[in-house]
Amino acid sequence: MTGRTPRLGRLRRTAPEGRVSRPAEARGARPRRRGAQPKVVALGGGMGLSASLAALRRITGDLTAVVTVADDGGSSGRLRDELGVLPPGDLRKALAALCGDDDWGQTWSRVIQHRFQSQGEINGHAVGNLLIVALWEQLGDHVQALDLVGKLLGAHGRVLPMSAVPLELEALVKGHDPERPDDVDTVRGQATVALTPGDVQSVHLVPHDPPAVPEAVAAVLDADWVVLGPGSWFSSVIPHLLVPQLLDALTETKARRVLSLNLAPQPGETEGFSPQRHLEVLGRHAPKLALDVVLADEAAVPDRDSLTDAAERFGAAVELAPVARPDGTPRHDPELLAAAYDRIFRMHGRIGPWR
C-alpha cells in the first residue's frame, strides 16, 4: 500500500443529498481521450459482472473482464459435459454487456443472448455460447477466439477467462440437510452452490491450484484499477481469489482495488448476510488481500459503522452511493453505477498517465 495517496476518510457519499452525479458521457460531455483513460480490470461472473461492465464501459475504453469458468448449469453445463470445453455462458454475458448502445451493439447483444426454443437438442442453447465454442474449436485458442467475438460485436473492452481449464466449485455447507442442522456437507457444482440451503462455510476449486490465463494476470498487474464484484459471492466473486496466480497478481499489483457490494443478499448462498459479513467471508478466503475502496448502495447498509470497521480491516475506505435502479428492484443502474465508479477513480488517487 506504500506510495499511495492518503484516503479520504472513513465514510463518504458519492453525491450530495438529493442529487445524482452522472458520468461525463451520460451528461453528453465529450469522453476522455483514449490515452487519458484509466486501465480497469473487472473480475466476477454472471449478472453481477455484467452490471459492472455495463457501467465501466461508459467511463473508460481500456477495460478488461476476467470471468470465472466454473459454471456447470444450463447451456454452458451441457456444452461443457458434451465437448469438454470451458463453460461459455458467463463469458458470453460479459461480451454482451460490453456491446455499445448503437444499433450495431444492441443488435449483436440481443443475438448472442438469444436462446433457441425447440423440442430437440438445441433447446435452451444460447447463440453466443455456440459461437464461442465453435471459434475455440476452429482456432484452438481461448483468448484469440474471445478477442475475435469481441471484434465482431464491437465490444468496448476485452473478455478473458480466469483459467483455461474447466473448474468445479465445491462448498462446505453447514445445515445443508435441514434434518441435520449441525452437520457440514460438501456441495458440488456452481449451480448447486448458488442456491444451496444452509450456511456456506467455505468454497474451493477443483483442481485446487488451477493455472491462471497469462493475459488475465498481465492485465491485473498493468491496471490502474481492479474492480471485484458485485455478483454471487461464493460462486462468482470469491473463485477468483482461489486461483493462486491471480491472487498473487491481485496482491502484488500497484493498481487500486475497489470491492463493489451486492444490493441484497442472494437467496441460498448468502441468505441473511449483512454487507459486513460479505467482507468477513472474503477475508477468510484471502486474508492477505488489501482493498482501497468498498462501494455500497446507501439504502443497502443498515449499519454503517460495522461496515466501516470491516472495510478498515482490508485498509479500505467506504463509499456510499445511489447505485440501484429507481424501480426498487435489487439491480444496479448502469448510469448510477458508472457515476459512482467515475468519482471513485477521480477522487481516490491517480497512478497512471490518465490523471
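What you see is a predicted model, and the numbers here were worked out from it, not measured in a lab.

Rules used throughout
- Residues numbered from 1 in each chain as written.
- Predicted model: local features only at pLDDT ≥ 70, side-chain atom pairs only at ≥ 80, totals over all residues.
- Heavy atoms only, no water.
- Phe/Tyr/Trp six-rings, centres within 6.5 Å; stacked < 30°, edge-to-face > 60°.
- Helix = DSSP H or I, 4+ residues; strand = E, 2+ residues; numbered from the N terminus.
- Pairing = 2+ DSSP bridges.
- Axes fitted to C-alpha atoms, helices over the stretch in contact; angles between N-to-C directions.
- Parallel < 35°, antiparallel > 145°, perpendicular 65-115°, else oblique.
- Left-handed = near helix turned anticlockwise from the far one by under 90°.
- Contact = heavy atoms within 4.5 Å.
- Nonpolar A, V, L, I, M, F, W, Y, C, P; charged D, E, K, R; others polar.
- Buried < 20%, exposed > 50% of the residue type's maximum accessible area, 1.4 Å probe, protein only.
- Polar contact = N/O pair within 3.5 Å; in protein donor to acceptor, adjacent residues only side chain to side chain.
- Expected span 1.5 Å × (residues − 1).
- Salt bridge = Lys/Arg side-chain N within 4 Å of Asp/Glu carboxyl O.

Following the criterion strictly, the structure yields 4 aromatic pairs and no others. Ring geometry for W104 versus W108: centroids 6.2 Å apart, planes at 55°, classification tilted. Of this pair, W104 and W108 both sit in helix α4 (residues 103-113), 4 residues apart, which is roughly one turn of that helix. Ring centres 6.1 Å apart and planes at 10° place the aromatic pair Y341 and F345 in the stacked group. With Y341 and F345 both in helix α13 (residues 334-347), this residue pair falls 4 residues apart, about one helical turn. One aromatic cluster is present, built from ring pairs that chain together W225, Y341 and F345.

Here the focus is the sheet that holds strand β6 (residues 184-188). As a general point, the strands of a sheet are linked pairwise by backbone hydrogen bonds and lie either parallel or antiparallel. The 3 strands are arranged β6-β5-β7 in an open sheet whose pairing can be described as antiparallel. Each edge of the open sheet is held by one strand with a lone partner, namely β6 and β7 (199-206). In this sheet, adjacent strand axes meet at a mean angle of 25° when their direction is disregarded. With 5 bridges joining them, strand β5 (residues 168-174) and β6 adopt antiparallel strand pairing. Bridge pairing links A171 to V187 in β6.

It is worth spelling out the pairing of β5 at this point. Where β5 lies against β7, 7 bridges are found, and the strand directions are antiparallel. Bridge pairing links E168 to V206 in β7.

Looking now at the packing of helix α1 (residues 46-56) against helix α3 (residues 89-97). Between α1 and α3, the shortest axis-to-axis distance is 8 Å and the interhelical angle comes to 20°. When the axis of α1 is compared with that of α3, the two are roughly parallel. For α1 against α3, the interelement crossing comes out right-handed. Across the interface between the two elements, G46, M47, L49, S50, L53 and A54 from α1 touch D90, K93, A94 and A97 from α3. A per-class count over the contact of α1 with α3 returns 6 nonpolar, 2 polar and 2 charged.

Right, let's get into the environment of A249. Among the structural elements, A249 can be located in helix α10 (residues 244-252). Spatially, the C-alpha atoms of A249 and A216 are 9.2 Å apart, while their sequence positions differ by 33 residues. With sequence-adjacent residues up to four places away left out, A249 is seen in contact with V217, V220 and L221.

Here we take up the side chain of H278. Along the chain, H278 falls in helix α11 (residues 275-285). Judged by its relative accessible area of 5%, H278 is buried. Of the polar contacts made by the side chain of H278, one reaches the backbone oxygen of S274; its length is 2.9 Å.

Okay, α13 next. Here α13 is 14 residues long and its end C-alpha atoms lie 20 Å apart, about the 20 Å a rise of 1.5 Å per residue gives. The buried fraction of α13 is high, at 10 of 14 residues. Listing the buried residues of α13 in full gives L336, L337, A338, A339, A340, Y341, D342, R343, I344 and F345. The backbone nitrogen of E335 has a side-chain oxygen 3.0 Å away, supplied by the residue at the start of α13, namely D333.

All right, on to the pattern of salt bridges then. In total, this model carries 14 salt bridges according to the counting rule given. Across the pair K93 and D90 runs a salt bridge whose closest N-O atoms are separated by 3.9 Å. In this pair, K93 and D90 are both assigned in helix α3, 3 residues apart and thus about one turn of the helix distant. For K93, a relative accessible area of 21% translates into the label partly exposed. Residue classification places D90 among the buried residues on the basis of a relative accessible area of 6%. Between D199 and R277 there is a salt bridge, with the nearest N and O atoms lying 2.9 Å from each other. Within this pair, whereas D199 is found in strand β7, its partner R277 is found in helix α11, the two being separated by 78 residues in sequence. A relative accessible area of 27% places R277 in the partly exposed class.

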